[in-house]
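# Architecture and fold: a report
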Amino acid sequence: MSLVSGLAEVTDADFEAEVIGSDLPVLVQFTAEWCGPCRQLAPVLKEIAFEEGDRLKVVQIDVDRNPQTTISYGVMATPTMLLFRDGEPVRSIVGARPKRRLLADLADVL
């Protein structure tokens with residue numbers, strides 16, 4: 001796991017350990033270097049990761065460099081965010097949104 005734009009980045013190789021095996025719920029942003037809305041969303045996710053770090057883990061995965069995970073979860077657009085709890089995806093959010101709206105979208109599952 002490495003840091004990209006201040007967020008932890010996971011790969012096909014460590015997705016199972018970092019996301020599926022996490023004790024905390026994990027918000028995974030499927031992103032790409034060429035994705036403008038993904039870059040807009042990064043500071044929002046970084047803030048959420050800092051503020052909610054005790055109850056939510058936030059990570060990114062690059063869709064171009066990690067096709068196996070991207071395909072296995074049926075991700076067709078970037079940015080897509082999947083919220084995992086107990087190793088299972090429980091919420092899918094497609095597209096960038098402001099911090100307040102994103103927190104509202106996540107409130108019932110956190």
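Please refer to the structure higher up on the page.
Attention in this report is confined to the structure presented alongside it.

Rules of the game
- Residues numbered from 1 in each chain as written.
- Predicted model: local features only at pLDDT ≥ 70, side-chain atom pairs only at ≥ 80, totals over all residues.
- Heavy atoms only, no water.
- Helix = DSSP H or I, 4+ residues; strand = E, 2+ residues; numbered from the N terminus.
- Contact = heavy atoms within 4.5 Å.
- Areas by Shrake-Rupley, 256 points an atom, 1.4 Å probe, with all protein chains shown as cover.
- Lys, Arg positive; Asp, Glu negative; His and termini not counted.
- Charge placed at Lys NZ, Arg CZ, Asp CG, Glu CD.
- Buried < 20%, exposed > 50% of the residue type's maximum accessible area, 1.4 Å probe, protein only.
- Disulfide = S-S within 2.5 Å.
- Expected span 1.5 Å × (residues − 1).
- Bend = angle between axes of the 7 residues up to and from the residue.
- Pairing = 2+ DSSP bridges.

On a plain count of helices and strands, the protein chain comes out with four helices and six strands. In sequence order, the secondary structure elements of the protein chain are arranged as β-β-α-β-α-β-α-β-β-α. Overall, the C-alpha framework of the protein chain stretches about 30 × 30 × 25 Å when taken along its three principal axes. Residue pairs in contact within the protein chain that sit at least 24 positions apart in sequence constitute 66% of those at least 6 positions apart. Surface accessibility of the protein chain: about 5,800 Å² in total, with carbon and sulfur atoms responsible for 54%. One way to put it: in the protein chain the 11 positive side-chain charges average out to a point 9 Å from where the 17 negative ones average out.

You can see Leu102 is positioned in helix α4 (residues 99–107). A residue is classified by how much of its surface remains accessible, and Leu102, at 0% relative accessible area, is buried. Spatially, the C-alpha atoms of Leu102 and Val44 are 8.9 Å apart, while their sequence positions differ by 58 residues. When neighbours within four sequence positions are excluded, Leu102 is seen to be in contact with Leu41, Val44, Leu45, Ile48, Met81, Ile93 and Arg97.

Now for the state of the cysteines. Disulfides are covalent bonds that connect the sulfur atoms of two cysteines. Considering all chains together, one arrives at one disulfide under this definition. Sulfur-sulfur distance for the disulfide between Cys35 and Cys38 comes to 2.2 Å. When the S-S torsion is 80°, as for the bridge of Cys35 with Cys38, the disulfide is right-handed.

Next up on the list: helix α2 (residues 36–51). Given 3.6 residues to a turn, an α-helix orients residues that are three or four positions apart in the same direction. Under the 1.5 Å per step criterion, the end-to-end length of α2 is 24 Å for 16 residues, consistent within 8% with the ideal 22 Å. At Ala42, α2 shows its largest bend, some 30°, and a proline, Pro43, comes one to four positions later. Considered for burial, the residues of α2 that qualify are Cys38, Leu41, Ala42, Val44, Leu45 and Ile48.

Attention shifts here to the pairing of strand β6 (residues 88–94). Along a regular strand, successive side chains alternate from one face of the sheet to the other. Sheet topology note: the strand β5 (residues 80–85)/β6 ladder contains six bridges and is antiparallel. Looking at β6, one finds that Arg85 is bridged to Glu88. A loop of two residues connects β5 with β6, the two strands running antiparallel in sequence, and Asp86 in this loop sits at a positive phi of about 55°.

Negative phi characterises most residues that are not glycine, and trans characterises most peptide bonds. At the junction of Thr78 and Pro79, the peptide bond is cis and its omega measures out at -5° in the coordinates. Tracing the chain through its elements places Pro79 in the loop between α3 (67–72) and β5.

Everything listed is a geometric property; what it means functionally is a separate question.
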